[in-house]
Every structure is written in structure tokens, then in C-alpha cells.
Amino acid sequence: MSNELISKKDLLDLAGISYGQLYRWKRKNLIPEEWFVRKSTFTGQETFFPKDKVLERIDKIQSMKETLSLDELAERFSPSVSEANVTKGELLQRNIVTKSALDFYLRENGEVEQFQFDQLLEVFILDKLLTSGDISLDEGKMLLQVLKETRGSLSEGENELLFIRKLGVTSCLLLSGAENIVVDQGSKVTMRLSVNSCVEELKTNL
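Not measured: the values here are computed from a predicted model. (Residues numbered from 1 in each chain as written. Predicted model: local features only at pLDDT ≥ 70, side-chain atom pairs only at ≥ 80, totals over all residues. Heavy atoms only, no water.)

(A) Spatial organisation of the sheet that holds strand S3 (residues 44-50). With respect to topology, 3 strands assemble into an open sheet ordered S1-S3-S2, the strand pairing being antiparallel. Two strands lie at the open edges of the sheet, namely strand S1 (5-7) and strand S2 (37-41), each paired on one side alone. Within this sheet the neighbouring strands show an average axis-to-axis angle of 45°, counted without direction. Bridge count for S1 against S3 is 3 bridges, and the pairing is antiparallel. (Pairing = 2+ DSSP bridges. Helix = DSSP H or I, 4+ residues; strand = E, 2+ residues; numbered from the N terminus. Axes fitted to C-alpha atoms, helices over the stretch in contact; angles between N-to-C directions.)

Next comes the structure, spelled out in C-alpha cells:
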């Protein structure tokens, strides 16, 4: 996702929603408070939003609001940890992750009979990145080390996972609340993933 901002006026026009809808969704926590960014302009104070994030969220709200209440949507979008207790068999039967990613996860972390939400999120992110080809198996091991160290707080706040490569050496980082990422000229950000988006997607699959 880019870090481009969009003004409130442009957002309302582009998304085809009213001022009242926007702030009702804010009150229901469907759009996070931290996405309302106040900035000084030549006309005074104006509200901006992270363009890609807010447009994606509004699209999801509009596509699901006919089948889910606003409270149910708020729970779906909440980064707070859900109550979950899923077996290995259920993960595969419900196509939440692939068998190859699950086997890889278990080899690195040991056997797990009942997956709690944090563990589900870890294997879900691993599967997502391995299946897409964004990371290698060695980078998958690195990813799992980072996820294990942050277990319990991974789904709290605005977190992002980054892979950075320099001179053929890859590093995996977990960033909290970062908007702009600046790396030196010899480094390249090879993968950037919103953890919150993964939480939303996983909750939907569950």
C-alpha cells in the first residue's frame, strides 16, 4: 500500500458516501480514529486519510453491510484478538491455510493440536507469503522467529511486516505505527504487509 493521502472532500466524492455515513462509521469504529489525519492547508485545518487503506475499508463495508450489522462489521475489522480454538484438521478442511505451509509451521514450532488466534495468524501470514512467492523458505523461518517474538501483541495497533534486502542479505522487521519507510540507497524493501489486513481476512475465513 502507498502512503498517499486523500482529503475528506475527495474521499466523499470518490467513494460516493455522505459526511454522515463517514462519521457514523467512525463512531462504530469501522474506520479507525488514527486514519483521520488533521493537517494545515492554505484554507486552514483539513482532514486527510491514508488513501489506499480507507478506500479498501469503505469497499469492504459497502460490500458486507447488507449481510452484517455495523456492530458485526466492527468486530470483523477490530484488530483485537478473537476467541479461536481450531484444530489442524479444521484448518485444512476449511481451506484456511495450505498443507505445505501448515507442515512447515509445525516443523519450525513443534506440534500444535489446538491453534489459538495468535498461532492461527502466524501460520496464516506464513501461508499467504509463501503461496504468493513473496518469500523463500529460509525467509519463512526468519518470519516465524519475528512472529514468535511478538506473539500476544501482533494484532494490536497498526503493525506491518517488512522484508528488506541489501547485498543479497534479507532482514525481516515488524513495524508499529509507521507511515513512511526510508531505507538507504543500497537497500530494497522487497515485501510490505499490513498485519491488520491479515487479521481481518483471517476473521472472515474463520
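Next comes the rest of the write-up.
(B) Summary view of the pairing of strand S7 (residues 169-176). In the sheet, strand S6 (residues 159-166) pairs with S7 via 8 bridges, with the strands oriented antiparallel. Its bridge partner being in S7, Arg165 is matched across the sheet by Thr170. Taken together, S6 and the strand that follows it, S7, pair antiparallel across an intervening segment of 2 residues, in which Leu167 is found at a positive phi of about 50°.

(C) Quick look at unusual backbone geometry. Here the phi dihedral of Asn29 falls at roughly 65°; this positive angle occurs in a residue that is not glycine. Looking at the secondary structure, you find Asn29 in the loop between helix H2 (19-27) and S2. You can call Asn29 exposed: its relative accessible area is 58%. Even without glycine at this site, Asn95 takes up a positive phi of about 55°. Turning to its location among the elements, Asn95 is positioned in the loop between helix H5 (88-93) and helix H6 (99-109). (Buried < 20%, exposed > 50% of the residue type's maximum accessible area, 1.4 Å probe, protein only.)

(D) Region of interest: the side chain of Thr47. Locating Thr47 in the fold gives a position in strand S3. A distance of 2.9 Å separates the side chain of Thr47 from the side chain of Arg38, its partner in a polar contact. Leaving out residues up to four positions away in the same chain, Thr47 has contacts with Ile6, Ser7, Lys8, Tyr23, Phe36, Val37 and Arg38. (Polar contact = N/O pair within 3.5 Å; in protein donor to acceptor, adjacent residues only side chain to side chain. Contact = heavy atoms within 4.5 Å.)

(E) Just H6, in detail. Along H6, the residues classified as buried are Ala101, Leu102, Phe104, Tyr105 and Leu106. In the core, the buried residues of H6 are packed alongside H5, strand S5 (114-115), helix H7 (117-132) and helix H8 (137-149). Immediately downstream of H6, the backbone of Gly110 shows phi near 90°, a positive value.

(F) How the structure looks around the packing of helix H1 (residues 8-15) against H2. Where H1 meets H2, the closest approach of the two axes is 10 Å, and the angle between their N-to-C directions is 105°. Relative to H2, H1 is oriented roughly perpendicular. Residues Lys8, Leu11 and Leu12 of H1 touch H2, and the partners they reach there are Tyr19, Leu22 and Tyr23. Broken down by class, the residue content of the contact of H1 with H2 amounts to 5 nonpolar, no polar and 1 charged. (Parallel < 35°, antiparallel > 145°, perpendicular 65-115°, else oblique. Nonpolar A, V, L, I, M, F, W, Y, C, P; charged D, E, K, R; others polar.)

(G) Here's a closer look at the sheet that holds S7. Pairing is antiparallel in the open sheet, where 3 strands are placed in the order S7-S6-S8. Each end of this open sheet is capped by a strand with a single partner; those strands are S7 and strand S8 (187-194). Across the sheet, the mean angle separating the axes of adjacent strands is 20° when strand polarity is ignored. Of the pairings in the sheet, the one linking S6 to S8 comprises 7 bridges and is antiparallel in character. Across the sheet, Arg165 pairs through a bridge with Lys188, a residue of S8.

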